[in-house]
Structure formats: structure tokens, C-alpha cells
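The primary structure of each chain is shown beneath.
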Amino acid sequence: MDLFTLTKSLMNIPSVSGEEEAVGFYLRDHLESLGWTVELQAVSDTQNNVIAYLNDTPRVWLSTHMDTVPPFIAPTEDDEKIYGRGSCDAKGIIAAQIIAAELLRKEGIEDIGLLYTVEEERASTGAKIANDHPMAAKCEYLINGEPTDNDLAIGSKGAFRAKIKTTGKAAHSAYPEQGDSAIEKLLDILEDVRHTKFPNDDFFGETTCNIATLDGGVALNVIPPQAETGLLIRLTTPMEPIRDALQSLIRERGELEILSYSLPVKMLAVDGFEQKVVRFTTDIPHLGNWGQPLLLGPGPILVAHTKDEFVLKKDLEDAVALYVDLVKKLLATNGTNNTNS
Ligand SMILES: [Zn+2]
């Protein structure tokens, strides 16, 4: 199956996070038909990571995720581009990696594996389970795919997900002095969040904060007894300074609940590739047992997660060549590398 057909076949199978079973079965069947040994690693009753290899000790693995953000958007195309959900994030990447792996096989290179995870778009649930797979110990390099415009990402920011909750006292809104507004408390806290200068990092760049959700109150004529906000902070530092900054600005006015976090990561730099730092996070912080991480994939991150998601066909083709080149360079290292992480 050619690159564009495989991309569209994968895109035609809806796989919003939590619903990856069918696309996992499809990948298993496709890879088995090509002669790969394929394991489905259970993540839940209806979700499996796909782990495929040609020998028992592959040193280099290609990986990305099978899930997408909602909603499903069926693939369409013109001469230049493939449009639709997963075109760049990340089904085009899966297709490019499989085609690259098959080209390597034709040259007799079988020291490669393929790892496809579930739920990267939520909290990397699949990656966390994959990290305990016995194959991880034998892997030296993990080339993860996310849309980097085919540049080699040498750093990616982390993500800190938290809620701030406030509690007040309900009262008839005609008698506000009888109550205590949780929403007004939360607004005061959020004003301080907006004016807080979180620590930055010279390599990873600026720490940014998205005040992403707001919730609270019960009715127009009731002083709101509770409120909460959801924050996602793009981490460029360890987690603790950010947590401490939030706690000291919240003081006794509310309660900080940390939902999850992943740290910023430095990845391997390889000569001959364009390099940059990306602002998003990936499965990589949760795949620490899988050797040295690298990050490269076709497509612009700015269209991922939008209704206009697309990938240039030329970028998909270039990605195949880049993956082939990268795998060969890594296999030529004989297990020694000039890691900078
Ligand atoms: Zn992605």
C-alpha cells in the first residue's frame, strides 16, 4: 500500500482518544500481512498499544500515537494536500514511519521496531503502560513522531495541568452580605495569575499559562457557593517553582489541585538535520525507559487540533526519507552517542 493510501486508510477509521480499538486492529492486521511480529498491549478493555518488530532486540524504534482529538473529520485530498483529522497528527506520521521501515527492510535493515500508543491527546495513558514493556530495555533510540515541519526537535516544553477551586457561602442575591461569592474570590485569584511572571528557561523559552476553563455558580439569584478554573501551563522549568508560585498567589483564598504534569525534555541532536525547540508536549516524557528520545514529523503543529488540519503530500514523502536517514545514522552509532540530554 502506498504512502497516501495508507494515510487515508488510517484516517478513515475514527479514533478519538478512548476509541482506538479499531485502528489498533487495523494496524496489527496490516503489519502482520507485511511479516511483522505484532503485539497488542492492553491499556484498557477496548484500548491497545501496538508494538511491532522484526527481531527480538531492535535498537531503534519509531513511534507516535493512534488517537486524535475530536471530532472525526473524514479525509479529502487534492494534488498538494491531504485534509482531515489525523492527517498530520498523527496518522500521516504512522504511514510515513511504516513506509520508511519497509524501505529499510528492503535494504536488509531489520533492527527496528514500531510503537503506536493510545490516549496521547489526553494524558499519555498508553505511553505510561508502554513504558513497562520488556522491549523498552533493549531500545537505544526512540524516534517519536509529532508535527515538527520535518525539523528535528531538540527540546519540547512540558505541561502542568491543574485546577484552582474556591468555596464561598450561598445566599439570596438580594442580600449579598449574607453570603460569600466563590466566583469573586476566583476572579481575584485569576487576576493575580494573569499578572504573575512565571520563571522562564534560556533553552526551552517562555512559560505560558492558558486559563482554559471556568465553572461555578448555581443560578442568577444565588451568591455562588463554589467555582473552579482549569489551567494548562507550558512548563520550561521543573514543576516545583510553578506549583509554589501558584500556591503563594492563591494563599488561603482557594485550593490548588494538580491534575498531572510532564516535564520539559531535551532530545538528541543529530548532525545534518534542522533543529528547533517545540512548545508542545508529547508521549516522550512518559517513555523514559525507551532509550534516547528524538522527535521529528511532517506537518505544521499550528493546524493540528483544528478543523483545517492537513498535511502536504510532499512533507509526507520527505518524512519517509528523513526517517530512513535518521534510523541509519542512529544504527551506525554502535551504541555510543553524543547525547545532550
Ligand atoms: Zn500528536
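Details of the structure are given in the entry above.
As the structure is a computational prediction, the values presented were derived from the model and not from experiment.

Visitor: Which parts of the structure should I look at to understand the coordination of the zinc ion?
Guide: Six octahedral donors around a metal ideally sit at 90 or 180 degrees from one another, while four tetrahedral donors ideally sit at 109.5 degrees. Within the protein, the zinc ion binds to His65 (NE2), Asp89 (OD) and Glu146 (OE); these donor distances fall in the range 1.8 to 2.1 Å. Donor residues binding the zinc ion come from one chain and are separated in sequence as H-x23-D-x56-E. Taken together, the residues span a long stretch of sequence, with His65 in strand 3 (residues 60-65) and Glu146 in the loop between strand 7 (141-144) and strand 8 (152-156) at a distance of 81 residues. According to the relative accessible area criterion, His65 is buried, its value standing at 0%.

Visitor: Just to check I follow, could you spell out the packing of helix 1 (residues 3-11) against helix 3 (residues 91-106) for this structure?
Guide: Describing two packed helices takes the angle between their axes plus the distance from one axis to the other. Axis separation between helix 1 and helix 3 bottoms out at 8 Å; the angle between their running directions is 140°. Relative to helix 3, the element helix 1 is oriented oblique. Crossing geometry of helix 1 relative to helix 3 is assigned as right-handed. Contact residues: Leu3, Leu6, Thr7, Leu10 and Met11 in helix 1; Lys91, Gly92, Ile94, Ala95, Ala96, Ile98 and Ile99 in helix 3.

Visitor: Would you mind going over helix 5 (residues 182-195) with me for this structure?
Guide: Since the α-helix turns once every 3.6 residues, residues separated by three or four places project in the same direction. Here helix 5 spans 20 Å end to end across 14 residues, near enough to the 20 Å set by a 1.5 Å rise per residue. Restricting attention to buried positions, one finds in helix 5 the residues Ala182, Leu186, Ile189, Leu190 and Val193. Axial view of helix 5: buried residues confined to an arc of 100°, hence all on one face. Exposed side of helix 5, more than 90 degrees from the buried face: Glu184, Arg194 and His195 are the residues found there. Buried residues along helix 5 sit in contact with strand 9 (158-167), strand 10 (208-216), strand 11 (226-235) and helix 6 (239-250). If you check the start of helix 5, you find a side-chain oxygen 3.3 Å away from the backbone N of Ile183, and it comes from Ser181.

Visitor: Just to check I follow, could you spell out the nonpolar core for this structure?
Guide: Soluble globular proteins: nonpolar side chains tend toward being buried together. Of all hydrophobic cores here, the largest spans 56 residues; its most connected members are Trp36, Leu114, Ile143, Leu294, Tyr323 and Leu330. Excluding its chain neighbours within four sequence positions, the residues that come into contact with Leu330 are Arg59, Val60, Tyr141, Ile143, Leu268, Val270 and Leu294. With 20 residues, the next largest nonpolar core counts Phe160, Val193, Leu235 and Leu246 among its residues.

Visitor: Hey, could you run me through the packing of helix 5 against helix 6 in this one?
Guide: Helix 6 packs onto helix 5 with a crossing angle of 140° between their chain directions and a minimal axis gap of 10 Å. Classified by the angle their axes make, helix 5 and helix 6 are oblique. In this structure, helix 5 crosses over helix 6, and the sense of that crossing is right-handed. Packed against helix 5, whose contacting residues are Ile189, Asp192 and Val193, the element helix 6 presents Leu246, Leu249 and Ile250 at the interface. By residue class, the composition of the contact of helix 5 with helix 6 is five nonpolar, no polar and one charged.

Calculation notes
Residues numbered from 1 in each chain as written. Predicted model: local features only at pLDDT ≥ 70, side-chain atom pairs only at ≥ 80, totals over all residues. Heavy atoms only, no water. Donors = N, O, S within 2.8 Å, 3.2 Å for Na, K, Ca; no water. Helix = DSSP H or I, 4+ residues; strand = E, 2+ residues; numbered from the N terminus. Buried < 20%, exposed > 50% of the residue type's maximum accessible area, 1.4 Å probe, protein only. Axes fitted to C-alpha atoms, helices over the stretch in contact; angles between N-to-C directions. Parallel < 35°, antiparallel > 145°, perpendicular 65-115°, else oblique. Left-handed = near helix turned anticlockwise from the far one by under 90°. Contact = heavy atoms within 4.5 Å. Expected span 1.5 Å × (residues − 1). Arc of directions from axis to C-beta. Polar contact = N/O pair within 3.5 Å; in protein donor to acceptor, adjacent residues only side chain to side chain. Core = buried A, V, L, I, M, F, W, Y, C linked by side-chain atoms within 4.5 Å. Nonpolar A, V, L, I, M, F, W, Y, C, P; charged D, E, K, R; others polar.

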